[in-house]
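Fold and contact review
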Amino acid sequence: MMNAKRRKRIQDTLNILSEQLELLEELKNEEQEYVDNVPENLQGTERYEAAEEAAANLDEAYDLVNDVIEKLEEVIE
């Protein structure tokens, strides 16, 4: 059984991660919006492909941080 002090530290970490997850979601949405609004004549350019890759990486990072949050929540249940 986890003591209250460690449980509190994990909860504090969860709070920080949750705030950061919100920021990460904003960033990934902004990058995806940029990719979605690139004119057709610029699609396929190096810059477009870099933006696509960045959007995919941000999406993956979001999922990973969300997974960490879920695991930590399981720890303190």
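In this report, we go over the structure that sits alongside the text. Just so it is clear, the structure is predicted and the values come from calculations on it, not from any experiment. (Residues numbered from 1 in each chain as written. Predicted model: local features only at pLDDT ≥ 70, side-chain atom pairs only at ≥ 80, totals over all residues. Heavy atoms only, no water.)

Looking at the packing of aromatic side chains
Selection criterion: Stacked, edge-to-face and tilted are the three classes for Phe, Tyr and Trp ring pairs, Trp counted by its six-membered ring, which pair at centre distances within 6.5 Å; planes under 30 degrees apart are stacked, over 60 edge-to-face, the rest tilted. Geometrically, a lysine NZ or arginine CZ counts as sitting over a ring once it is within 6 Å of the ring centre and also within 35 degrees of the ring normal.
Applying the stated rule across the entire model yields zero aromatic pairs. When the ring centre of Y62 is taken as reference, the NZ or CZ atom of K28 above it lies at 4.9 Å.

Some words on the nonpolar core
Counted only if it meets this: Take the buried residues of types Ala, Val, Leu, Ile, Met, Phe, Trp, Tyr and Cys, join any two whose side-chain atoms come within 4.5 Å, and each joined set is a nonpolar core. Remark: exposure states derive from per-residue accessible area (1.4 Å probe, protein chains only) relative to the maximum for the residue type, with buried under 20%, exposed over 50%, and partly exposed in between. Going along the chain from the N terminus, every DSSP run of H or I of four or more residues is numbered as a helix, and every run of E of two or more is numbered as a strand. Throughout, a contact is declared for two residues whenever any of their heavy atoms are within 4.5 Å.
I10, L14, L21, L24, Y62, I69 and I76 together form the largest nonpolar core, which totals seven residues. Elements represented by at least two residues in this core include exactly α1 (4–36) and α2 (46–76). In contact with L14, not counting residues within four places along its chain, are I69, L72, E73 and I76. Counting five residues, the second-largest nonpolar core is a separate cluster that includes V35, Y48, A51 and A55.

What to know about the pattern of salt bridges
The condition that has to hold: For this analysis, a salt bridge means a side-chain nitrogen from Lys or Arg found within 4 Å of a carboxyl oxygen belonging to Asp or Glu.
Under the definition given, this model contains two salt bridges. For K8, the salt bridge is made with D12, and the minimal N-O distance between the two is 2.7 Å. With K8 and D12 both in helix α1 and four residues apart, the pair spans about one turn of that helix. Judged by relative accessible area, which is 32%, D12 ranks as partly exposed. K28 is the partner of D59 in a salt bridge, and the nearest nitrogen-oxygen pair spans 3.2 Å. A residue pair is termed long-range when its members are at least 10 positions apart, and D59 in helix α2 and K28 in helix α1 qualify at 31 residues. Of the residues examined, D59 reaches a relative accessible area of 35% and is grouped as partly exposed. Under the relative-accessibility criterion, K28 is labelled buried at 16%.

Note that all results are geometric; they support no functional claim without further evidence.
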